[in-house]
Amino acid sequence: RRGGHGAAVSATSSSTAAAAEITVCVNNACAKRGANDVAAALRALAIAAESDASSSKVKVVVKGARCMDACAAGCVLRVNGASGLETFDHVAADEAAIVLELATGATAAAAAAADAG
């Protein structure tokens, strides 16, 4: 059921970077609840992180998928990243930065850098 939909975006080009994958359900129910906006926000943040030399060196791939069998809980996404595989529901575009942090584990690194600076 998980046919690919949407472009994948890699946030780093380093071949030694760890990988995180964020899959956004873009089927009808989730799309009506803002899935395309969530995916666009995640892609924009991934691209911005790619150009930020101080950001996490975790390779982030954002992609769309058809159905995750949780239509009533849309917008649904799966994150396979720093904390393992997790599923999130009722996600809005304004929560994209939090999702990216969960995927990369960048929160702790950013806090440590802020404390050191």
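Since we're looking at a predicted model, the values are computed, not measured. (Residues numbered from 1 in each chain as written. Predicted model: local features only at pLDDT ≥ 70, side-chain atom pairs only at ≥ 80, totals over all residues. Heavy atoms only, no water.)

### Focus on unusual backbone geometry
Going from Gly-74 to Cys-75, the amide bond is cis rather than trans, its omega being 0°. Mapping Cys-75 onto the fold places it in the loop between strand S3 (59-65) and strand S4 (77-81). The backbone of His-90 sits at a positive phi, close to 55°, despite the residue not being glycine. Residue placement: His-90 occurs in the loop between strand S5 (84-88) and helix H3 (96-104). (Helix = DSSP H or I, 4+ residues; strand = E, 2+ residues; numbered from the N terminus.)

### Topic: the pairing of strand S2 (residues 19-25)
For S2, the buried fraction is high: 5 of the 7 residues fall into the buried class. With 7 bridges connecting them, S2 and S3 associate as parallel partners. For Glu-21, the partnering residue across the bridge sits in S3 and is Val-61. Sheet analysis places S2 next to S4, joined by 4 bridges and oriented antiparallel. (Buried < 20%, exposed > 50% of the residue type's maximum accessible area, 1.4 Å probe, protein only. Pairing = 2+ DSSP bridges.)

Don't take any of this as a statement about function, it's just geometry.
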